[in-house]
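Working through the structure, step by step
Here is what each chain is made of, one letter per residue.
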Amino acid sequence: MAHSLAASFSPAAARRQVTNVISSRSSVSFQSHRMTSVSIRSRPSSLRFKICCSAKKETVDKVCSIVKEQLALPDGTAITGESKFAELGADSLDTVEIVMGLEEAFNITVDETSAQDIATVQDAADLIEKLMLEAPPKVV
Amino acid sequence: MGSAWANVREICRAQRADGPAAVLAIGTANPANCVPQDEFPDFYFRATKSDHLTGLKEKFKRVCQKLGVQKRYLHHTEELLSAHPEFLDRSSPSLDARLDIVKTAVPELAAQACRKAIAEWGRPAADVTHLVVATNSGAHIPGVDFQLVSLLGLRPTVRRTMLYLNGCSAGAAALRLARDLAENNRGARVLVACAEITVLLFDGPEEGCFQTLVNQGLFGDGAGAVVVGADPAAPAERPLFEIVSAAQTVIPDSEGVITMHLTKGGYGGNISTRQVPVLIGDHIERCLTDAFAPLGVGAGWNDLFWDVHPGSSAILDQVDAVLKLKPEKLAASRRVLSEYGNMFGVTVIFVLDELRRRMTNGEEEGAPAEWGVMVAFGPGLTVETMVLHRSGTPAETKLGEA
């Protein structure tokens, strides 16, 4: 468990943090501690979300590349995980097209409810990795 | 020699009209089959036997909701599609069958619109001196123009111009030609007819192909007709709009953003839903400045009435944003897109009809505009601009004197 969690982290800071926790406790204790912590007091949701779900850099980069192409953005336009589709000039029709492009590129299927929650590149990348973990890749 | 030359000049001058060409009448028509947009996804996936593609259908529903279209009129009913299973099989040749359908359906639809325009104009069809026809729906010889001569009872000597496969700006281009013909031929009465039946575009949905979803959800069938003539013969003829100037230009480096060609399965090609609005946004103000500056019309963009081809809501949004138009300025364009979809070149005629309806009924928001502009976009990217003047307003006298 600890090993797979560590493997899925890309940001170095997050990895160091997890490593510190692991080095001071056994894996069983780690699990117990985390659950206790959650039940006793609320951890800031953004922090918890980030630790649990942040997508790999390569996924974010690939999403950025697809978005840039589909929105026909000029070279030199800066796109990061925090970029909002609306601020890149995408209307809701463009977002449908982007989601279809991502489905094709990552060989996944995005349901409508999830698609409508996507507002940033990071949202898209996170959802993609979640879907890739949940279901085996479609075989052509 | 000088004398002979002077005579030729006099002869040529006498052949030209005195005043500007004017829109004398407008007619529109649509197929009987009306398709509400919220019912179209069910129709489309059922007719194409694609109900198993549930995820794609959900996306199509969202595409349909976002296109700015509430309903359309389509010649292709479920019965027609059932009779042509080859339309759904991309590997099966279907061009001949599609062309056979539009060969009669397009002239008939065009004739319906023409009859309305001629009736409103009030003179006999035999008084039409020139005919300009534009359609993307088909490629026949003799063309739709030839068929309209007998369908409408036009005189055999009517001078015909047929424009096939000119894209969405063809309607404005046809009006530009009509204006040139009317002003260069004294007494000319030019009938413009545009008609589209999009069965040539019909295709089944394809996983991962966003373009097909847009095409199937956006385009509609319809026909528009306009009678154009200079020096109206009062009181029988009543001008609606004077056509003060007309121009066409190509936006640089844009030849790939809208393409269309005949394939064995109907139309192939591409429309870049992202690049088209951006290019239009980048260039439209220059096109408009070029059109208005020589006329000395001191009007701001919000002082005009607007007939913008509603190719998509994204295009209208871009025009709005760049020119800082008030919401009511493109209301006629948005209403036509909502009620009929994008009917290629026909659409600007519907918008013009909607504009005069609002003017006649006193439904304009804000101060009534005396001057206006028609703008249409097509393959190239080609931009057609036409400066219009509402008839019966102060500048008319000045134009007459000029």
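All values derive from a computational prediction rather than experimental measurement.

Rules used throughout
- Residue positions within a chain follow its written sequence, with the count starting from 1.
- Written order decides the labels, with chains lettered from A and ligands numbered from 1.
- pLDDT decides what is reported in this predicted model: residues at 70 or higher carry local features, side-chain atom pairs at 80 or more are listed and counted, and totals for whole chains, interfaces and linings draw on all residues regardless.
- To get the side-chain values, all heavy atoms of the structure are used, and hydrogens and water are removed first.
- A residue's pLDDT is the confidence the predictor assigns to it, expressed on a 0 to 100 scale.
- Runs of H or I in DSSP of at least four residues are treated as helices and runs of E of at least two as strands, each being numbered from the N terminus.
- Contacts: residue pairs with any heavy atoms within 4.5 Å of one another.
- Centre distance within 6.5 Å is the pairing criterion for rings of Phe, Tyr and Trp, where only the six-membered ring of Trp is used; planes under 30 degrees apart are then read as stacked, over 60 as edge-to-face, and the remainder as tilted.
- Per-residue accessibility, obtained with a 1.4 Å probe over protein chains only, is compared with the maximum for each type, and a residue is labelled buried under 20%, exposed over 50%, and partly exposed between these values.
- Two conditions define a charge sitting above a ring: the NZ of Lys or the CZ of Arg must be within 6 Å of the ring centre, and it must be within 35 degrees of the ring normal.
- Summed over both partners, the accessible surface that disappears when two parts come together, traced with a 1.4 Å probe, is what is meant by buried area.
- Salt bridges are identified by distance alone: a Lys or Arg side-chain nitrogen within 4 Å of an Asp or Glu carboxyl oxygen.
- What qualifies as a polar contact is a pair of N or O atoms within 3.5 Å, subject to a donor-acceptor requirement within protein and to the restriction that residues adjacent in sequence count only when both atoms come from side chains.
- Only Asp, Glu, Lys and Arg are considered charged in this grouping, and only Ala, Val, Leu, Ile, Met, Phe, Trp, Tyr, Cys and Pro are considered nonpolar; every other residue, Gly among them, is considered polar.
- UniProt positions are given in the numbering used here, feature names are shortened, and annotations may be inferred rather than shown by experiment.
- Two strands pair under a simple rule: DSSP has to find at least two bridges between them.
- What a helix is expected to span follows from its residue count: subtract one and scale by 1.5 Å.
- To get the bend at a residue, fit one axis to the 7 residues ending there and another to the 7 starting there, then take the angle between the axes.
- Side-chain atoms within 4.5 Å are what join buried Ala, Val, Leu, Ile, Met, Phe, Trp, Tyr and Cys residues into a set we call a nonpolar core.
- Segmentation into domains, and thus their bounds, comes from an automatic or database assignment.

1. A word on the confidence of the model for chain A
Caution is warranted with low-pLDDT regions, since their predicted coordinates should not be read in detail. Residues and elements named next belong to chain A. Chain-level pLDDT for chain A is 64 on average; 57% of the residues reach the 70-or-more range. The weakest mean pLDDT in chain A belongs to helix H2 (residues 12-23) at 31; the strongest belongs to helix H8 (residues 121-134) at 87. Throughout residues 1-52 the model reports pLDDT below 50, and contacts reaching past four residues in sequence, or to other chains, amount to 24 contacts.

2. Observations regarding the environment of B:Val69
Residues and elements named next belong to chain B. Mapped onto the elements of the fold, Val69 is located in the loop between helix H3 (54-66) and strand S3 (71-73). It is 9.8 Å that separates the C-alpha atoms of Val69 and Gly220, two residues lying 151 residues apart in sequence. In contact with Val69, other than residues within four places in its own chain, are Gln37, Cys64, Gly217, Leu218, Leu337, Ser338 and Gly341.

3. Quick notes on the packing of aromatic side chains
All names here are of chain B. Under the definition given, this model contains 13 aromatic pairs over all chains. Aromatic side chains Tyr44 and Phe202 sit 5.8 Å apart centroid to centroid with 85° between the ring planes, which places their arrangement in the edge-to-face category. Of the two residues, Tyr44 sits in helix H2 (residues 40-47) while Phe202 sits in the loop between strand S6 (189-196) and helix H8 (210-218), which places them 158 residues apart along the sequence. Across the pair, exposure class does not vary: Tyr44 and Phe202 are buried alike. Here a set of aromatic residues connected by ring pairs shows up, and it is made of Phe40, Phe43, Tyr44, Phe45, Phe60 and Phe202. The residue whose ring lies beneath Arg72 is Phe40, and the NZ or CZ to ring-centre distance is 4.3 Å. A cation over an aromatic ring shows up here: Arg98 above the ring of Phe87, its NZ or CZ 4.4 Å from the ring centre.

4. Looking at the interface of chain A and chain B
Reports often express the size of an interface as the amount of accessible area lost when the parts come together. On the chain B side, the residues contacting the 19 residues of chain A number 16 residues. When the area that chain A buries against chain B is broken down by residue, the three leading residues are A:Leu93, A:Met100 and A:Glu112, summing to 41%. Counting across the interface, chain A meets chain B through 1 salt bridge. When the shortest N-O distance is used, the salt bridge between A:Glu103 and B:Lys59 registers 3.1 Å. Across the chain A-chain B interface, the total number found is 2 residue pairs in polar contact (both at pLDDT 80 or more). Listed by contribution, the elements that provide at least two residues to the side of chain A that touches chain B are helix H6 (92-106) and helix H7 (112-115) of chain A. Looking at the side of chain A that touches chain B element by element, the count peaks at 9 residues for H6(A). In terms of residue class, the side of chain A that touches chain B is built from 9 nonpolar, 4 polar and 6 charged.

5. Remarks on the side chain of B:His389
Residue and element names in this part refer to chain B. With respect to the helices and strands, the residue His389 is situated in strand S13 (residues 382-390). With a relative accessible area of 0%, His389 lands in the buried category. Among the polar contacts made by the side chain of His389, one reaches the side chain of Glu370 at a distance of 3.0 Å.

6. Details of the UniProt feature "active site" (unreviewed entry) in chain B
Residues and elements named next belong to chain B. Annotation from UniProt places "active site" (unreviewed entry) at Cys168. With respect to the secondary-structure elements, Cys168 resides in the loop between strand S5 (159-164) and helix H7 (170-184). Overall, Cys168 belongs to the buried group, its relative accessible area being 14%. Aside from chain neighbours lying at most four places away, what touches Cys168 is His309, Asn342, Phe344, Gly345, Ala376, Phe377, Gly378 and Pro379.

7. A short note on the pairing of strand S12 (residues 371-378) of chain B
All names here are of chain B. With 8 of 8 residues buried, S12 is to be regarded as a mostly interior element. Taking every second residue as pointing to the same face, both faces of S12 are buried, with Trp371, Val373, Val375 and Phe377 on one and Gly372, Met374, Ala376 and Gly378 on the other. Pairing analysis gives 4 bridges linking strand S11 (residues 305-308) to S12, with the strands arranged parallel. Bridged to Asp307 within S12 is Met374. One ladder, built from 8 bridges, connects S12 with S13; its direction is antiparallel. Directly across from Val373, in S13, lies its bridge partner Val387. Between S12 and S13, which pair antiparallel one after the other, the connecting turn spans 3 residues, and Gly380 there sits at a positive phi close to 150°.

8. Considerations on helix H5 (residues 95-121) of chain B
Residue and element names in this part refer to chain B. Its 27 residues give H5 an end-to-end C-alpha distance of 38 Å, which sits within 8% of 39 Å, the value for a rise of 1.5 Å per residue. Helix geometry: H5 is bent most strongly at Val102, by close to 30°. The first or second residue beyond H5 is Gly122, which carries a positive phi of 95°.

9. Examining the nonpolar core
All names here are of chain B. Residues Leu148, Leu191, Trp306 and Val319 are the most contacted members of the largest nonpolar core, which totals 100 residues. Sorting elements by how many residues they give to this core places H5 first, with 15 residues. Counting contributing residues per domain, this core is built from domain 1 (21-230) and domain 2 (241-390), each supplying no fewer than three. Membership of the second largest hydrophobic core comes to 39 residues, among which are Ala21, Ala134, Ala182 and Ala376.

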